[in-house]
Amino acid sequence: MASGDSLVQMAPQEAEFPATTGPGLDTRNNHPVLDFDASLSEVCYFSKVMPQHYAGGGVNVYLHTAYSSAVAGTGAWAAAFERVGEVLDIDADSFASDKYVFVPVPATAGYITVDSIGFSDGAEVDSLAVGETFRLRVMRDGATGADTATGDGELRFVEIREA
Amino acid sequence: MAQLDSESINEVWRDIQQDFSAERKVIPILKEDLKAAIVALDTFLSNNASTINSAIPQPARSGLTTTQKAKLLSYVIYKRYIKEV
């Protein structure tokens, strides 16, 4: 695959939730979204298979986000990879480090902003290989001071592209 | 009643943001500004509790409990400013 080509896409309906501190599945004018709280760090997971056409050049994770009520400030979002394949004991989590993107809130309510996080191949994607299953953890870190946006942050889509 | 502790302030802060988010009404301020407003209102209520209590005529002032008078105040505020006519 060439740089910039799409590898994996994830919709809100595909999200997997932790026992506590997870976003809520909601709709916004019939657009499915995941509502992330403003005052907590909430996470959800997406399980996928790394496509055969991944060229090993690293990836960019694109977060499509909006805000329920905010029209100012910044949202702190993060993503992390967990390689599963045939190498992980799934009785425990084993994510690589979170990588952050600080998203300026759109000045017009209802607008989606698309922002990317770059991951180099190897440790940053938990050494994930072609054809292996993995989980992507997406977090809004509402507990950090860098997150200043009032109210819910909404995740509309996630896309992973070849870097 | 003493001012709310930080845990209670945070609970109000969390709850009001969830309420605003459910309505999807535009909130043009940052969440720390919202928290400052909550703290200021709590301070105001703490400083003016006796004045508010004095505004309640007898026999309600002495016949109702503090909680009942607080509910009474909240109902009046709701009807005046929140419930759309």
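Read on for an overview of the structure. Here the residue numbers are simple positions, counted from 1 along each chain's written sequence. Written order decides the labels, with chains lettered from A and ligands numbered from 1. A pLDDT threshold of at least 70 governs which residues receive local features in this predicted model, and a stricter bar of 80 or more applies before side-chain atom pairs are shown or counted, although totals over entire chains, interfaces and linings include all residues. In computing side-chain properties, one takes all heavy atoms of the structure into account and sets aside hydrogens as well as water.

Under the scheme used here, helices are H or I runs from DSSP no shorter than 4 residues and strands are E runs no shorter than 2 residues, and both carry numbers assigned from the N terminus. Counting its regular elements, chain B contains 4 helices and 0 strands. Element order for chain B, N to C, with α for helix and β for strand: α-α-α-α. Against the compact-globule benchmark of 12 Å for 85 residues, chain B has a radius of gyration of 15 Å, which places it well outside the compact range. Dimensions along the principal axes, computed over C-alpha positions, put chain B at roughly 40 × 35 × 15 Å. Here the term buried applies to any residue with accessible area under 20% of the maximum for its type, exposed to any over 50%, and partly exposed to those in between, with areas from a 1.4 Å probe on protein chains only. Expressed as a percentage of its 85 residues, the buried residues of chain B come to 14%. We call two residues contacting when some pair of their heavy atoms lies within 4.5 Å. Of all intrachain contacts in chain B linking residues separated by at least 6 positions in sequence, the fraction that spans at least 24 positions is 39%. Here, Shrake-Rupley sampling with a 1.4 Å probe gives the accessible areas, and only protein chains in the shown set may cover a residue. Surface exposure of chain B reaches about 6500 Å², of which carbon and sulfur atoms provide 60%. In this description the radius of gyration comes from C-alpha coordinates, and the expected globular size is given by 2.2 Å times residues to the power 0.38.

This part is about helix 2 (residues 31–55) of chain B. Multiply 1.5 Å by the residue count of a helix minus one, and that product is the helix's expected span. Look at helix 2 of chain B: 33 Å from first C-alpha to last across 25 residues, which is about the 36 Å you get at 1.5 Å a residue. Inspection of helix 2 of chain B places Lys31(B), Leu34(B), Lys35(B), Ile38(B) and Asp42(B) among the buried residues, and these make up the whole buried set. Contact partners of the buried residues in helix 2 of chain B: strand 9 (133–141) of chain A together with helix 1 (6–23) of chain B.

Moving on to the interface of chain A and chain B. Between chain A and chain B, the residue contacts involve 24 residues of the former and 15 residues of the latter. Defined in terms of a 1.4 Å probe, buried area is the accessible area two parts forfeit on being brought together, summed over both. Between chain A and chain B, roughly 1400 Å² of surface is buried when both sides are summed, and carbon and sulfur atoms account for 54% of that area. By the criterion of area lost to chain B, the three top residues of chain A are Ser39(A), Ser69(A) and Thr150(A), representing 36% of everything that side buries. The salt bridge criterion pairs a side-chain nitrogen of Lys or Arg with a carboxyl oxygen of Asp or Glu, the two atoms within 4 Å. The interface formed by chain A and chain B holds 3 salt bridges in total. The salt bridge involving Arg24(B) is made with Asp26(A); its shortest N-O contact spans 3.2 Å. Identification of polar contacts relies on pairs of N or O atoms within 3.5 Å, with a donor-acceptor requirement for protein atoms, meaning one able to donate a hydrogen and the other able to accept it, and with residues adjacent in sequence counted only if both atoms are side-chain atoms. Along the contact surface separating chain A from chain B lie 13 residue pairs in polar contact (both at pLDDT 80 or more).

With that settled, the discussion passes to the side chain of Asp37(A). With respect to the helices and strands, the residue Asp37(A) is situated in the loop between strand 3 (31–36) and strand 4 (41–49). In terms of polar contacts, Asp37(A) uses its side chain to reach the side chain of Gln18(B), at 2.8 Å. If we ignore the near neighbours within four places in the chain, the residues touching Asp37(A) are Glu42(A), Arg140(A), Gly142(A), Asp152(A), Arg14(B) and Gln18(B).

This next bit is on the pattern of salt bridges. Per the stated rule, a full pass over the model turns up 12 salt bridges over all chains. Among the salt bridges present, the one from Arg135(A) reaches Glu82(A), with a minimum N-O distance of 2.6 Å. Residue Arg135(A) is located in strand 9, and its partner Glu82(A) is located in strand 6 (residues 74–83); the two are separated by 53 residues in the primary sequence. Among the residues examined, Arg135(A) registers a relative accessible area of 18% and is labelled buried. In this structure Glu82(A) comes out as buried when scored by relative accessible area, which is 2%. Here Lys31(B) makes a salt bridge to Asp147(A), at a shortest N to O gap of 2.8 Å. One end of the pair, Lys31(B), is in helix 2; the other, Asp147(A), is in the loop between strand 9 and strand 10 (153–162), on a second chain. Look at Lys31(B) and you get buried, because its relative accessible area is 1%. A single salt-bridge network, built from bridges that share partners, covers Asp26(A), Arg28(A), Glu154(A) and Arg24(B).

The next subject is the environment of Ala19(A). Residue and element names in this part refer to chain A. By secondary structure assignment, the location of Ala19 is in the loop between strand 1 (6–10) and strand 2 (24–28). Under the relative-accessibility criterion, Ala19 is labelled exposed at 87%. Sequence separation between Ala19 and Ala78 is 59 residues, and the spatial gap between their C-alpha atoms is 19 Å.

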